[in-house]
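What follows is each chain in one-letter form.
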Amino acid sequence: MNLVTPALGTLEELPADYREAMAARNLVPLWPSMRAFLPHGAPRPQTRPALWRYAEVRPLLLRAGELTPIEKAERRVLVFANPGHGLDGLHCTGTIYVGMQLILPGETAPSHRHTPAAVRLVVEGEGGFTVVNGERLPMRRGDLILTPALQWHEHHHAGTGPVVWLDALDLPLLVAMEASYAVEGTRQTARAAPDASATRYRRAGLVPFASLGARPGPYPLLRWPWEEVRAALEALADDTPRGAAVHLAYVNPETGEECLPTLGFSALMLRPGEELALPRDSASAVFHVVEGRIQAEVAGTGFDAEDADVIAAPAHAPVRLANRSAAEPAFLFRIDDAPLQRRIGIYERFGA
Ligand SMILES: [Fe+2]
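The written sequence of each chain sets the order in which its residues are numbered from 1. Two thresholds apply to this predicted model, a pLDDT of at least 70 for residue-level local features and 80 or more for giving and counting side-chain atom pairs, whereas whole-chain, interface and lining totals are computed over all residues. Calculated side-chain values reflect all of the structure's heavy atoms, with hydrogen atoms and water omitted.

**Let's talk about the overall build of the chain**
Phase 1 of the analysis: For the chain, the count of helices and strands is seven helices and 21 strands.
Phase 2 of the analysis: Here the radius of gyration uses the C-alpha set of atoms, whereas the globule reference equals 2.2 Å times the residue count to the power 0.38. Over its C-alpha atoms the chain spans a radius of gyration of 22 Å, differing by no more than 12% from the 20 Å that the globule rule assigns to 352 residues.
Phase 3 of the analysis: Along the first, second and third principal axes, the C-alpha set of the chain runs to 70 × 50 × 50 Å.
Phase 4 of the analysis: Here's how the labels work: a residue is buried when its accessible area is under 20% of the maximum for its type, exposed when over 50%, partly exposed in between, all with a 1.4 Å probe on protein chains only. In the chain, which comprises 352 residues, the share counted as buried stands at 47%. Here a helix means four or more residues in a row that DSSP labels H or I, a strand means two or more in a row labelled E, and each is numbered from the N terminus.

Put into structure tokens, the structure is as follows:
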């Protein structure tokens, strides 16, 4: 017997007095909306494949710097609102918020912490730095910087030109949990020492001896310099057959697990002219072009993207990538919600 009925009863089929009696008691019947909440076979994401071009975002972001002083914005960010979710939801995908933030010379974001976890990837500009729990993290182009949930952080800009970075947060998730909030704190005293990527975790495969058998804090490393990630990708490319993914994940050096409990970060390299079908999985994802010119096909929708552009890919969407240059490599940064899906036991990877 087939238990899946093709068409469930609708609200309109029910007598008006019955609907009113239910509404008056804050009751709703499940069956008219059940398929929307629990579709059969596969999810039906609201998130649409979408592209944001940095060439279009940048002038609007710089104009925000003229229109709105930092005191009136607190965070001068343009949010990438996925058209499937509308302009008010601050969704790039169902779980991932992405925006680009502008900081002008001398501006600061005072020390604060919040329940959403954040990562930033520097898009352009020199002289910006973030302080997380007293650790001073320089921000150079392509650097990945974590500000995990409830960790104190503040931003500064000691350079001369605009600094723009990509912010990605698990904000939609925290909003859905009704657990999103922030608190302000007093200015941190930043240590003068270089950050952990240059000291305690200078090289993959080496950790401080004293951390063996101990329980290091959950976030031992907060910054991944792009020059090292890029060099690691190039070295991996030398030993990876063409057509196989040159793809590295950012992980916690003490545990080998993803660096945040909810969001995962990885970097991809496409060699000149290379095409790649990513293994389809259940995670939603956002791609940011760090360098190069690529063509992406997300669930059948094609995009041409270049430096600093951003592409949203819904959960379960097949993604194909191609490097449009026959001479130069292309590099992409990927954000996904696979860690969250793994933790709640729903992550799936499908055949090509
Ligand atoms: Fe923040």
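**Considering the coordination of the iron ion**
Each pair of donors in an ideal four-coordinate tetrahedral metal site encloses 109.5 degrees, whereas pairs in an ideal six-coordinate octahedral site enclose 90 or 180 degrees.
Phase 1 of the analysis: The protein atoms that coordinate the iron ion are His 112 (NE2), His 114 (NE2) and His 153 (NE2), at distances spanning 2.1 to 2.2 Å.
Phase 2 of the analysis: The rule for donors is simple: N, O or S, within 2.8 Å of the metal, or within 3.2 Å if the metal is Na, K or Ca. Water isn't counted, so a site may look like it is missing partners. Within one chain, the residues serving as donors to the iron ion are arranged as H-x1-H-x38-H. Across this residue pair, the class does not change: His 112 and His 114 are buried.

**What to know about the sheet that holds strand S15 (residues 275-277)**
Phase 1 of the analysis: Paired strands, in this sense, are two strands between which DSSP finds at least two bridges. Read from one edge of the open sheet, four strands run S15-S20-S17-S18, paired in antiparallel fashion. Each edge of the open sheet carries a strand with a single partner, namely S15 and strand S18 (301-305). Mean inter-strand twist for the sheet, computed between neighbouring axes without regard to direction, equals 15°.
Phase 2 of the analysis: Direction of pairing for strand S17 (residues 294-298) relative to strand S20 (residues 319-323): antiparallel, over a ladder of five bridges. Of the residues in S20, the one forming a bridge with Gln 295 is Ala 322. Lines are fitted to the C-alpha atoms to define the axes, a helix being fitted only along its stretch in contact, and any angle between axes, read from their N-to-C directions, falls within 0 to 180 degrees.

**Concerning the layout of surface pockets**
Phase 1 of the analysis: Volume-wise, the largest pocket comes out at about 760 Å³.
Phase 2 of the analysis: Surrounding the largest pocket, 25 residues form its lining, Pro 43, Pro 45, Gly 94, Thr 95 and Ala 315 being those nearest its centre.
Phase 3 of the analysis: Looking at which element gives the most residues to the lining of the largest pocket, the answer is helix H5 (residues 171-176), with three residues.
Phase 4 of the analysis: In the scheme used here, Gly and all other residues not listed as nonpolar or charged are polar, with Ala, Val, Leu, Ile, Met, Phe, Trp, Tyr, Cys and Pro taken as nonpolar and Asp, Glu, Lys and Arg as charged. Taken together, the residues that form the lining of the largest pocket break down as 13 nonpolar, nine polar and three charged.
Phase 5 of the analysis: Taken as a whole, the second largest pocket holds about 560 Å³ of empty space.
Phase 6 of the analysis: In this structure, the second largest pocket is lined by 20 residues; those nearest its centre are Arg 203, Ala 204, Leu 221, Trp 224 and Glu 228.
Phase 7 of the analysis: Where the lining of the second largest pocket is concerned, the elements lending two or more residues are strand S12 (223-224), helix H6 (226-238) and strand S13 (246-249).
Phase 8 of the analysis: Per-element tally for the lining of the second largest pocket: the top contributor is H6, with three residues.
Phase 9 of the analysis: Tallied by class, the residues present in the lining of the second largest pocket amount to 14 nonpolar, two polar and four charged. The method works on a 1 Å grid over the protein atoms by themselves. A cavity is a set of points holding a 1.4 Å probe that cannot get out, a pocket is an open set with protein on both sides within 12 Å along at least five of seven lines, and residues with an atom within 4 Å of a point line them. Grid points are joined across faces, edges and corners, and a volume is the space filled by probe spheres set on the points.

Geometry only, nothing functional implied.
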